[in-house]
Amino acid sequence: MRTVDTVLFDLDGTLVDSNELIISSFEHTLGHYYPGEYSRTEILPFIGPSLNDTFQRLDVERAEEMIAMYIEHNHRHHDELLKEYEGVREAISRLFEAGFKLGVVTTKRKTTTERGLEITGLKPYFSTIVTFDDVEHVKPHPEPLKKAMQALGSQPAQTLMVGDNTHDIDGGKRAGTATAAVSWAVRGLDEVKALHPDYVLNDMRDLLNILGVE
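Model, not experiment: these values are computed from the prediction.

**A word on the packing of aromatic side chains**
Enumeration over the complete set of coordinates arrives at nine aromatic pairs. On the basis of an interplanar angle of 80° and a centroid distance of 5.9 Å, the ring pair of Y34 and Y38 is categorised as edge-to-face. Judged by relative accessible area, which is 28%, Y38 ranks as partly exposed. With 5.7 Å between their ring centres and 55° between their planes, Y38 and F46 make a pair best called tilted. The lysine or arginine in question, R62, covers the ring of Y34, its NZ or CZ lying 5.6 Å from the ring centre.

Structure below.
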């Protein structure tokens, strides 16, 4: 393993289990605009890309109103449906104590990103948080990762990007970082493994061994 001093994390599906929250928000919105057309399985590919990308592909004319409906539902049910993944808090706290520079890079909007980190108690560990609202181009474009590394004073050769989605792994590769995919991805690992991440994590605490944290 090359010397890594910086770890960037995706949020949804990586640090926090927001799958039911996201799926229910899509079910609510798509059920209104496309009643009976989208099953739960058909919604899964919408997890990962930004809301703008998803809804504009569906209907450019109504994208903004669909986004507004999704966000309203998402905010209303956020705290009750958001969960922590086992081992995440321990791994993050130990990396922080070991002196690693930590950041979050997400396609989620700033308000809900910060709320999720606050209610899970993870926010104090991250020195930078780059959201949809902070960039012109979201993952897999390298801009968000480069912005996070710049804020942390980090170089790609010393950075690891951790995520559950192809956008995370592709984004890491485009930005020149090492990459790690988590095995608990709701969409499964096949798509992500096809991009050949450097590591696959079965538990977030696997990072401690990979990065040499005692």
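**A short note on the pairing of strand β7 (residues 178-182)**
The element β7 is largely enclosed, with a buried count of five among its five residues. Neither face of β7 is open: one carries A178, A180 and V182, the other T179 and A181, and all of them are buried. Where strand β6 (residues 159-163) meets β7, four bridges bridge the pair, whose relative direction is parallel. Counted as the bridge partner of V162 is A180 from β7. For the crossover that starts at β6, traverses helix α8 (residues 166-175) and ends in the parallel β7, the hand is right-handed.

**Notes on the environment of D170**
Relative to the assigned elements, D170 resides in helix α8. Ignoring sequence-local partners within four residues, the contact set of D170 consists of P140 and L195.

**As for the sheet that holds β6**
In space, the six strands of this open sheet follow the order β5-β4-β1-β6-β7-β8, with parallel pairing throughout. Of all strands in the sheet, those bounded by a partner on one side alone are β5 (128-130) and β8 (199-201). Averaged over all adjacent pairs, the angle separating strand axes in this sheet is 25°, with direction ignored.

**Concerning the nonpolar core**
Counting residues in hydrophobic clusters, the biggest one holds 32 residues, and the most contacted among them are F9, L15, F126, V162 and M204. Per-element accounting of this core gives the leading share, four residues, to helix α5 (residues 88-97). Excluding residues within four positions of it along the chain, F9 makes contact with L15, I92, L95, L102, G103, V104, V105, F126, M161, V162, M204 and L207. Listed in part, the 17 residues of the second largest apolar core include F26, A63, M69 and Y70.

**Some remarks on the pattern of salt bridges**
With the rule as written, the count across this model stands at 17 salt bridges. With a closest N to O distance of 3.7 Å, E114 and K123 form a salt bridge. K123 gets classed as partly exposed once you look at its relative accessible area, which sits at 28%. The salt bridge involving D203 is made with R205; its shortest N-O contact spans 2.8 Å. Residues joined by salt bridges that share partners form a network here, namely E86, E90, R94, D203 and R205.

**Some remarks on the environment of E143**
With respect to the secondary-structure elements, E143 resides in helix α7 (residues 143-152). A relative accessible area of 22% means that E143 is categorised as partly exposed. Considering only alpha carbons, one finds E143 and R174, 31 residues apart in sequence, at a separation of 9.3 Å. When neighbours within four sequence positions are excluded, E143 is seen to be in contact with V135, E136 and H137.

The rules behind each value
- Residues numbered from 1 in each chain as written.
- Predicted model: local features only at pLDDT ≥ 70, side-chain atom pairs only at ≥ 80, totals over all residues.
- Heavy atoms only, no water.
- Phe/Tyr/Trp six-rings, centres within 6.5 Å; stacked < 30°, edge-to-face > 60°.
- Buried < 20%, exposed > 50% of the residue type's maximum accessible area, 1.4 Å probe, protein only.
- Lys NZ or Arg CZ within 6 Å of the ring centre and 35° of its normal.
- Helix = DSSP H or I, 4+ residues; strand = E, 2+ residues; numbered from the N terminus.
- Pairing = 2+ DSSP bridges.
- Right-handed = clockwise from strand over helix to strand, strands pointing away.
- Contact = heavy atoms within 4.5 Å.
- Axes fitted to C-alpha atoms, helices over the stretch in contact; angles between N-to-C directions.
- Core = buried A, V, L, I, M, F, W, Y, C linked by side-chain atoms within 4.5 Å.
- Salt bridge = Lys/Arg side-chain N within 4 Å of Asp/Glu carboxyl O.

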